[in-house]
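Remarks on the overall topology
Each chain, written out:
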Amino acid sequence: MLFGAAEALYQGQWFNGFLAMLAFVLTYVPALFQRSFRIFLPIEFELIFSIFLFTTISLGSADNFYATYWWWDKALHTGSGFLL
């Protein structure tokens, strides 16, 4: 995600760079929850959360998968239901 952000910023795509940086920062949310609330989150949850963020923000918005593939939005909404 950091490489994607750097590439987007280099190309002058400020919004896509911001989205990639946001996705990178959000991957640390599960770790913050674990420390703040002293709960255990399985590594599988953290992995699925990170993959979901990547597919939503990096692929969906930055690489325009939402416009390219008609089913992309439906697949991600289904995946978010399973994640929750």
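Up top is the structure.
Residues numbered from 1 in each chain as written. Predicted model: local features only at pLDDT ≥ 70, side-chain atom pairs only at ≥ 80, totals over all residues. Heavy atoms only, no water.

The end-to-end C-alpha distance of helix α4 (residues 43–62), which contains 20 residues, comes to 27 Å, matching closely the 28 Å that a straight helix rising 1.5 Å per residue would cover. Turning to α4, its buried residues are Phe49, Leu53, Thr55, Thr56, Ile57, Ser58, Leu59 and Gly60. Buried residues in α4 make contact with α2 (14–26), α3 (29–37), α5 (65–68) and α6 (72–83). Immediately beyond the C-terminal end of α4, within one or two residues, lies Asn64, with a positive phi of roughly 65 degrees. (Helix = DSSP H or I, 4+ residues; strand = E, 2+ residues; numbered from the N terminus. Expected span 1.5 Å × (residues − 1). Buried < 20%, exposed > 50% of the residue type's maximum accessible area, 1.4 Å probe, protein only. Contact = heavy atoms within 4.5 Å.)

On to the nonpolar core. The tendency in soluble globular proteins is for nonpolar side chains to be buried as a group. With 6 residues, the main nonpolar core is built from Leu19, Ala23, Phe49, Leu53, Ile57 and Leu83. Within the residue set of this core, elements represented by two or more residues are α2 and α4. Among the elements that line this core, the one with the most residues is α4, at 3 residues. The contact partners of Ile57, leaving out residues within four places of it in the chain, are Leu19, Ala20, Ala23, Leu26 and Ala62. (Core = buried A, V, L, I, M, F, W, Y, C linked by side-chain atoms within 4.5 Å.)

Remember, this is a structural readout, not a statement about activity or role.
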